Structure formats: C-alpha cells, structure tokens
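# Tertiary structure, described
Each chain is listed here by its residues.
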Amino acid sequence: MKSLLTGLVFVLNLCQICLAQDFKSVNNLAQRQFPWLAGKLVLKSIPKEKDADVFTLETRNNQLYISASSASAASRGLDWYVKHYAHQSISHFGNNIRNINRLPVVSPLLKKTSLVPYRYALNYCTINYSFSFYTWEDWEKELDWMALNGVNIMLAPVGTELVWYNTLLKLGYTDADAKAFIPGPAFTAWWLMGNLEGWGGPVSMDMMKQQAELQRKILKRMKELGIEPVLQGFYGMVPHDLKNKINEAKVIEQGKWAGGFQRPGILDPTTKLFSKIADTYYAEMKNLYGEDIHYFGGEPFHEGGKTNGLDLRNVAESIQTSMQKNYPNSTWVLQGWQQNPSDGLLAGLKKENTLIIELFGENTANWENRKGYGETSFIWSNVSNFGEKNGLYGKLQRFLDEVFRAKESTYGASLKGVGIIPEGIFNNPVAYDLMLDIAWYNEKPALDQWLTEYTKYRYGKENQDVIRAWKEFAQTIYSSPDVYQEGPSESIYCARPSLNVNPVSSWGTRKRNYDQNRFKEAVKVFVKADADFKNSETYQTDKTDFLRQVWANKGDLVYDELVKAINAKKTEEIRISGNQFLEMISTQNILLGNNIHFTLNRWLKEAERFGRKLPDAQNVMFNAKSQLTYWGPDNNPKTDLRDYAHKEWNGLLSSLYYNRWKVFIEEAQAGAITAPEVFYNMEVEWSKGKEMYVPQKINTSQMKLLQEKILK
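Worth saying up front: this structure is predicted, and the values here are computed from it rather than measured. (Residues numbered from 1 in each chain as written. Predicted model: local features only at pLDDT ≥ 70, side-chain atom pairs only at ≥ 80, totals over all residues. Heavy atoms only, no water.)

It is worth spelling out the overall build of the protein chain at this point. Along the backbone of the protein chain there are 27 helices and 15 strands. Rg of the C-alpha trace for the protein chain: 26 Å, near the compact-globule value of 27 Å for 712 residues, within the 12% margin. For the C-alpha atoms alone, the extent of the protein chain along its principal axes is close to 90 × 70 × 55 Å. With 712 residues in all, the protein chain has 64% of them scored as buried. Computed over 84 positive and 80 negative side-chain charges, the inter-centroid distance for the protein chain is 3 Å. (Helix = DSSP H or I, 4+ residues; strand = E, 2+ residues; numbered from the N terminus. Rg over C-alpha atoms; globule rule 2.2 N^0.38 Å. Buried < 20%, exposed > 50% of the residue type's maximum accessible area, 1.4 Å probe, protein only. Lys, Arg positive; Asp, Glu negative; His and termini not counted. Charge placed at Lys NZ, Arg CZ, Asp CG, Glu CD.)

What follows is the structure, encoded as structure tokens:
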C-alpha cells in the first residue's frame, strides 16, 4: 500500500510538472543541452515588472522551478542556474557539461530583473566569418546558446539570396543576370551591406533553396525561443547596372569598395520606382518567410557611400515608409558605425520605429558624441573581434564602465539594450558572456568577483590558481587601456612576408598594449591546474589559446632579428634566424593541431558538409579558402582585403603561411626581396586546392614538453 501511495504521489507530481510547463520550447532546450534536468524542471509564466523582463529561481524536492516573464527570460534563468549553481556551461569554445543526480539547492529564492529590454546579437560579418557554412544542426546549437544567454533580438539575414533572385526576375532580369548579382556563401554580408555584388558566385538555385529552407527553420525556432529576428530590409541597394534594364531608374553610383570591388548602386529612395521595387521585394520576403517580422536591417551609404546631394531626411522617410507599408509598425535597425546614421538620415525617421546599434563601444562613445543619437533608442555593444582572427582580446572593465555610464547619463533613457556584435564569435568566450550578463545587473558588478564566478562555471569547479591567473589576465591581455584598437593584436606567423609587417591585415595591429611578460607569468599560474582539469574541454581549449598567444608574442622577437639580418645583408644570420622563425611556425602548428577549435580542417569540413548535396560544392570550398587568404577580388594583386580574415590555425600555418615565409627567407638569403605579387599568386592557388588539412595530434608527454618549451 505504501509503495502504491508513493507511486501515486510521483505520478501526481509529474502531472503537475507537465501542466505547469508554460514554456515548452525552453523545456526542450534544457533536454537538448542539459539532459540531467529531465523531469526536474518546472516552468511558469509571470508578468513583467515595469516593462522589464524578470525571472526567479528556486528548488523544492529536487525540482528546479523557474518563473519568468518571457521565453527569453526563462532561458536566461535556466542558464543562470546551470552556470551559478551547477557550475556548467556551453560556449563556442567548448562545453563543460556533466550529469547531476541531486540538484544544487537555490536558497533563498533568486530574482533577476533585466536592466534593458533588448539583448542583441550579431554583426553582418558574423554571418560569414563564423556561420557561412552552418547547417540546421549548427544553427540549432547556436540558437540554444543565444537563448541561454538571454538574447531576444538577433540579426538573421540567411536566405536573402532567394528574395533578391525572385525580385530581380520580376524586374526583367534573366536567370544568369540575377545570379550574377548574388555572391557566394562566404561573402553575403558585404553584399547585404552594399559593399560588393556577385563575388564568390554564381550560386546555384539548389543553394538558394537550401538557404531559404534553412531560414524557415531558423525563424521558427527563434519565434519559439522568444528571439526577434532582424531581416534584411530594402534600402535602395540594386545592381549597379539596373538602368540598363529599367531606363527610368535613377541609380546613384556608389563607386568602388575595399579591394577594388564594384559596389551595388543605390536607387533614389524618393522616386516612385523605389516604392514599386520595395513592394516587390517585400512581397517576395512575405512569400518566403511570412508576415510575422518586426525588425529590418540594412542602410544606404554604408562605409563611404555617395549621396550625390540627396536630401537625406527625405531618403530616410521614404525607406521607412515603404518598410512600414509592407510590415506595419516594424522597426528599422541601423548601425552606429563611423558617421552612420547621419544626422540628416536620423531627422527623417520615426523614432518610435528606429533602433540604433552602437557598434564600437570598446573604442568610441558615439552615443555620447551624437547626443544619444538625437534621443533615439540605442543598444550599447562592441565589436572586439574583426575577421574572426585569433587573438585574446576584450576590454572587460570598459564594457562594465561604459554601459553603466551610459545608463546613468543624460541619455540613459535612450539606452534600450546591450549586445554583442563581433565579426567572428569563435573566440574569447569571456567577452561575450560578460556583455550579455550585464543586461541582468542593475548595479555594476566588480570584475574580479564576476571572473571568479566565470572560472567556476567555465571549468566546473573552483581552483585558486585559475582564479589568480584570470585576475592577472584582466590586468594584461583583457585590460582596458585607453588605446584605439580594432580587434586582437595579430600574429606575425600569419603575415604576408615583408620587411615591415605592420599590420598583418590592413586595419589591424601587431602592437601589444599590455605587459607581455606579466601575461606569460599568469599563463604559468593557469597551467598549474592542468592535472585537475585534464579532461575538461573548456580548460584545455583556453590553455591552448593562452599558449598560442605566448608563442605568437615570441615570434615578434625572432621576426625583428630576421629583418635586422636581411637589412645588414648577413647571409648566415638570415639563415639562422630564418630557420628559427620557420621552426616557430611549425611549433605553433603542432600545438594547435591538438584542439579542434584551432584547426583549418574544422572550417573546411563545415564547408564540405554544407555543399554535400549541391552542384556548386567545389565553389563552396573555394569560398571557404579564399575568404581566409586573399579575400578578393581575383584581378587585383594589391587588394587591401588580403589576410583580413587570416587564422592562426593548424593547417594554414603548415601550408600557406609556412611556405610564404620559406620563399621570403630563401630569396633574402640570395639577396632579393620577394615581390607581393608572388604571394598573391600563392594565395590564389592555395584557395583553389582540394587539401583538407587533417591535423596530426601529439601524445600527452609530447604536449607537456611543448608546453614547457613555450613557457620557458
């Protein structure tokens, strides 16, 4: 009888849990990422508090109860529990997950309220530098991460290719002409931003349909998780030769972009033709992705576009009017980058339907200089990474200081969100965690205290050496000097060889704005914990990254010796320092081959999987390789985009990077300096190759010796 009653109580409790599940999508998320919570999670909907998202956590009888005001808040509550009570986490740079039978207790009840209504994610460039070859399996994990970190608005322009293709056919373009406008899968971001057209293409109809089907899955899941998608609006971007198809088209030539790329034209938004084409574009958008869309991105005159005397107030009004006509009450999301959006553009906008992303918060304070963008709603964010280049970087203390300074300023009422907008996201997980965490603190947290908690959930348990090391990292590699810097300091190993490599990429820097020796000593402290975390994916990934950075820093010293020898025309010294430099590249390649996150093979396998069922699979692989090297175009050896997206990866180091330096050093020994065109040709040829660069791992004892060598 006792066992029957116990069973009945269990069934009643289970039924109560099932009935209480207000957020089914969040429960499904928990089952995907944290299966140990199965049958132990109760989710309940509660109202917002003063229009702010809120969640509470409590445990009773080995059950976790999350009450939340939205699916986004519920997901964030789930993540908060997993991180701060179970000391587990998922990230782009490894996961720390293990089974738990007895749930950690929450006592007393925890309540968190969002500081701002918007938690934003993604840069146009992220879609290509990180996600070019994502399949649904990848996007499902990505959206889980976004939801868990509280993101409730995200750039989502996947599948715009078919919208444009269908639109152009309606305008009288042939199949071939329409496809000529659309870029390859690794370059869509710069097309959407109006920087280029067609590069990396043409793409097949199969690929466009594959992307459209993928987008429908993405949008469905985003809706379930309470993440508003930002799709691509029509802002006047058209093929630069539109006038050849439509005589009445008043197209403003936008000239050339970086690398010498022909930019798309801008159709005068104040003309009747603009409204007609906008209606066609949005009709195709509705046919493919429906009418339940509330945010649109895209803006004219990005990065040096030409206005040709247009009244920008009228331009803005016309673009937004077409947007509102087709998607009533939608919001136009603009990038606060360089001088954009201009004061003239802002003057023509309905502010209640405008949202500005302050992009470059780690270096600038446009929100302040532009007087809160004329009291327009804005989101504070930072780029921090450019081109998905490797490198430890993130001005952590500045993130905290600036967000709360903006909130407490004269323009605090216009601060409506915080966000992450990196060009690549497979790096520096600490920077993204901190930025999205800020949204749930109503008072500025102490960085050291936050980092202590971070180490516990990042690696699974408290370790004093790890905590001490991270506090030092915050004073060195992750410090906040008042220095303008576009992303992490670059590695000399990845550079196109010359006697004056500065920078590796056109807008980067090789300068280290921190004490390199102090950083190395902190890494030595971090690796003291190696034995405690030998099976931790996250610890081993971060250790690899720290060692990579130390070895990259040492490379600068040997490069300086090599240059000194070449300038002195001392052949033997060139040989010695040259061989040492090549050996250092090989050492870095060996180190990085032991962790999937630092391998070229991972990226190429993504491209291979993406193109598996496509007739243009070979072109997909070319896209993957050319983006990393000369970028484009293929008729300009002087392109300033080359190596913009370089990667300090196993496979790239052992092939193209090693071979470029080998040629340079051998010619220097012979008294010559290699012409840049030689390297350009090497880069183009490498991009056309079929090699997959499968890494070779070394054993534990070899790794220990390698670690000692790097930290010597």
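The rest of the description comes next.
Looking now at helix H16 (residues 396-407). In this model H16 runs 17 Å from its N-terminal to its C-terminal C-alpha over 12 residues, within 8% of the 16 Å that 1.5 Å per residue would give. Burial in H16 covers these residues: Leu 396, Arg 398, Phe 399, Leu 400, Glu 402, Val 403, Phe 404 and Ala 406. (Expected span 1.5 Å × (residues − 1).)

This paragraph deals with the nonpolar core. Counting 244 residues, the largest nonpolar core has Leu 78, Met 154, Trp 190, Trp 470, Phe 473, Trp 631 and Trp 661 as its most contacted members. Setting aside its immediate chain neighbours within four residues, Met 154 contacts Ala 121, Leu 122, Trp 139, Leu 143, Met 146, Met 222, Ile 227, Glu 228, Pro 229 and Val 230. (Core = buried A, V, L, I, M, F, W, Y, C linked by side-chain atoms within 4.5 Å. Contact = heavy atoms within 4.5 Å.)

Glancing now at the sheet that holds strand E9 (residues 251-252). Paired through backbone hydrogen bonds, the strands of a sheet run either parallel or antiparallel to each other. Taken in spatial order, the three strands make up an open sheet running E8-E10-E9, and their pairing is antiparallel. The sheet is open, and its two edges are formed by strand E8 (237-238) and E9, each paired on a single side. Here E9 runs beside strand E10 (residues 265-267); their pairing, made up of two bridges, is antiparallel. By the bridge assignment for E10, Ile 252 is matched with Ile 266. (Pairing = 2+ DSSP bridges.)

With that settled, consider the domain arrangement of the protein chain. On domain assignment, one finds that the protein chain holds domain 1 (24-113), domain 2 (118-237 + 273-298 + 318-337 + 349-444) and domain 3 (492-506 + 527-711). The centre of domain 1, based on its C-alpha atoms, is set 27 Å off from the matching centre of domain 2. Summing both sides of the interface, domain 1 and domain 2 together bury roughly 2,200 Å²; the carbon and sulfur share of this comes to 57%. If you sort the residues of domain 1 by the area they bury against domain 2, Arg 32, Arg 76 and His 92 come out on top, with a joint share of 31%. (Domains from an automatic or database assignment. Buried area = accessible area lost by both parts, 1.4 Å probe.)

Take the sheet that holds strand E4 (residues 110-113) next. With mixed pairing, the four strands of this open sheet are ordered in space as E1-E3-E2-E4. Two strands lie at the open edges of the sheet, namely strand E1 (41-45) and E4, each paired on one side alone. The average angle at which neighbouring strand axes cross in this sheet is 15°, direction not considered. As judged from the five bridges shared by E1 and strand E3 (residues 63-68), these two strands associate in the parallel manner. (Axes fitted to C-alpha atoms, helices over the stretch in contact; angles between N-to-C directions.)

Before going further, it helps to examine the pattern of salt bridges. Summed over all chains, the structure comprises 47 salt bridges. For Asp 437, the salt bridge is made with Arg 76, and the minimal N-O distance between the two is 2.8 Å. Pair noted here: Asp 437 is in helix H17 (residues 429-438) and Arg 76 is in helix H3 (residues 71-84), with a separation of 361 residues, a long-range link. Of the two residues, Asp 437 and Arg 76, both sit in the buried class. Among the ionic pairs, Glu 683 bridges to Arg 496, the shortest N-O distance being 2.7 Å. Here the residue Glu 683 occupies a position in helix H26 (residues 676-687), and Arg 496 occupies one in the loop between helix H19 (464-473) and helix H20 (516-527), the gap between them amounting to 187 residues. The exposure class assigned to Arg 496 is buried, which follows from its relative accessible area of 9%. A network of salt bridges, in which partner residues are shared, links Arg 32, Glu 140, Asp 144, Lys 220, Arg 221 and Glu 224. (Salt bridge = Lys/Arg side-chain N within 4 Å of Asp/Glu carboxyl O.)

Per the UniProt entry, the sites bearing "domain: Alpha-N-acetylglucosaminidase tim-barrel" (unreviewed entry) are residues 119-441 in this numbering. As a span, residues 119-441 carries 41% helix and 13% strand, and end to end its C-alpha atoms are 13 Å apart. (UniProt positions renumbered as here; feature names shortened; annotations may be inferred.)

In this structure, Pro 202 follows Gly 201 across a cis peptide bond, with omega equal to 0°. Among the secondary structure elements, Pro 202 is positioned in the loop between helix H8 (188-192) and helix H9 (205-225). Residue Pro 503 follows Asn 502 across a cis peptide bond; omega there is 5°. The residue Pro 503 is located in the loop between H19 and H20 in this model. With a phi close to 60°, Glu 375 is a non-glycine residue in the positive phi region. Structurally, the position occupied by Glu 375 is in helix H15 (residues 371-375). Its relative accessible area of 62% is what places Glu 375 among the exposed residues. One non-glycine residue, Ser 384, lies in the positive phi region at around 65°. Position of Ser 384 among the secondary structure elements: in the loop between strand E14 (378-382) and H16.

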